[in-house]
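# An overview of the molecular structure
One-letter residues, chain by chain:
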Amino acid sequence: ICTSGNYTSVMFYSRNDRTINDGELVLADLGSKYQGYVSDIAVTFPVNGKFTEKQKVLYNAVLKALNEVKKYLKPGFSWSEMHSTATKVILQALKEAKILHDYSLEELISNDIGSIFMPHPIGHYVGTRVHDVPGRRINLGEFNDQKYSYGDELKQGMSLTVEPGCYIIENAIGCLLYTSPSPRDS
């Protein structure tokens, strides 16, 4: 997958025939194979080599989420804890940037707003297929941001990816946040 502009927010965009324009971001999600094992890597970069202020905020939010999750990559930490940690970091960054500003972090989490910006699991195992995922998607309870769990705690020797993301479709954000009922009203 390689795309640019607003299409970087479309999961698994595959046409790949769009002109890349100055000032946009490019998202490349590329597969790899080595000695029978496969994985992927995603990278985002500005077309002209310089992030706009808004792009910088989003890029740094995802980078901060990645670095925060990496602190806990050890046996005993769970997939849901990795996902929840990344979600909280990204939502906090969006609040600080005034993209999300009317709600507390707790309200955003309890109303599953994080899944709008990161609509995929935090990562997957490295295995014999890209997205080699044993287990299943389960809901672990009260907090919806934990819905992407494989039910497993990390164990010594596991190979996995950590791929937080923050996807924003410019015109959809205002409609979503300002026409939806307030979490306080429900």
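### Some points on the pattern of salt bridges
For the structure on display, the rule yields two salt bridges. Salt-bridge contacts for Glu-53 lead to Lys-56; the nearest nitrogen and oxygen are separated by 3.4 Å. Here Glu-53 and its partner Lys-56 are both found in helix H1 (residues 53–70), three residues apart, which amounts to about one turn of the helix. Owing to a relative accessible area of 59%, Glu-53 belongs among the exposed residues under this scheme.

### Some remarks on the environment of Gly-127
Its location among the elements puts Gly-127 in the loop between helix H4 (114–117) and helix H5 (170–179). On the basis of relative accessible area, Gly-127 is assigned to the buried category, the value being 5%. Taking the C-alpha atoms as reference points, Gly-127 and Met-158, separated by 31 residues in sequence, lie 10.0 Å from one another.

### Concerning the environment of Trp-79
Within the secondary structure, Trp-79 is located in helix H2 (residues 79–96). A relative accessible area of 0% places Trp-79 in the buried class. The spatial distance from the C-alpha of Trp-79 to the C-alpha of Glu-153 is 6.5 Å, given a sequence separation of 74 residues. Here the side chain of Trp-79 touches Tyr-125 through a polar contact of 3.1 Å, side chain to side chain.

### Some points on the pairing of strand E3 (residues 37–46)
Note that strand E2 (residues 25–34) and E3 share 10 bridges and pair antiparallel. When the sheet's bridge partners are listed, Ala-28 is paired in E3 with Val-43.

Reading the values: rules and limits
- Residues numbered from 1 in each chain as written.
- Predicted model: local features only at pLDDT ≥ 70, side-chain atom pairs only at ≥ 80, totals over all residues.
- Heavy atoms only, no water.
- Salt bridge = Lys/Arg side-chain N within 4 Å of Asp/Glu carboxyl O.
- Helix = DSSP H or I, 4+ residues; strand = E, 2+ residues; numbered from the N terminus.
- Buried < 20%, exposed > 50% of the residue type's maximum accessible area, 1.4 Å probe, protein only.
- Polar contact = N/O pair within 3.5 Å; in protein donor to acceptor, adjacent residues only side chain to side chain.
- Pairing = 2+ DSSP bridges.

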